[in-house]
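# Topology and contacts: notes
One-letter residues, chain by chain:
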Amino acid sequence: MLARPRLLRGEDELGYLLRALRKTLISQRRAERRRPATTELVDDMAVGTRASDDPAEAAEHRRIYAAISELPEEFRDALVAVDVAGLS
């Protein structure tokens, strides 16, 4: 809202209100541009692309992810390149 309220008397009441509204809108837009853009993160497990209702299958997935995390970095990079990026 307005920092200093003003009693409107006279013929230019509408003009004053429109100018105040315009300046407020411009200030809000400038503030939005200065803020970093945010995006919503999507968890694969929450979406259900890899989630399983079967506990045995979920346990198998955890074992696979644990084994992948134990690989040296260059092997993990190669695995990601082949599996995710589709490289040969």
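Residues numbered from 1 in each chain as written. Predicted model: local features only at pLDDT ≥ 70, side-chain atom pairs only at ≥ 80, totals over all residues. Heavy atoms only, no water.

## Regarding helix 1 (residues 13–34)
Helical geometry note: an α-helix holds 3.6 residues per turn, so side chains three or four residues apart project in the same direction. For helix 1, with 22 residues, the first-to-last C-alpha span of 32 Å sits near the 32 Å given by 1.5 Å per residue. Among all positions in helix 1, only Gly15, Tyr16, Ala20 and Ala31 are buried. The buried side chains of helix 1 occupy one side of the element, clustering within an arc of 140° when seen end-on. In helix 1, those exposed residues whose orientation departs by more than 90 degrees from the buried face are Leu14, Leu21, Arg22 and Arg33. (Helix = DSSP H or I, 4+ residues; strand = E, 2+ residues; numbered from the N terminus. Expected span 1.5 Å × (residues − 1). Buried < 20%, exposed > 50% of the residue type's maximum accessible area, 1.4 Å probe, protein only. Arc of directions from axis to C-beta.)

## A few points about the confidence of the model for the chain
Residue-level pLDDT values for the chain average 77, and 74% of them are 70 or greater. By mean pLDDT, helix 2 (residues 44–47) is the weakest element of the chain at 48, and helix 1 is the strongest at 88. In the model, residues 45–49 has pLDDT below 50 throughout and makes four contacts with residues more than four positions away in sequence or in other chains. (pLDDT = per-residue confidence, 0-100. Contact = heavy atoms within 4.5 Å.)

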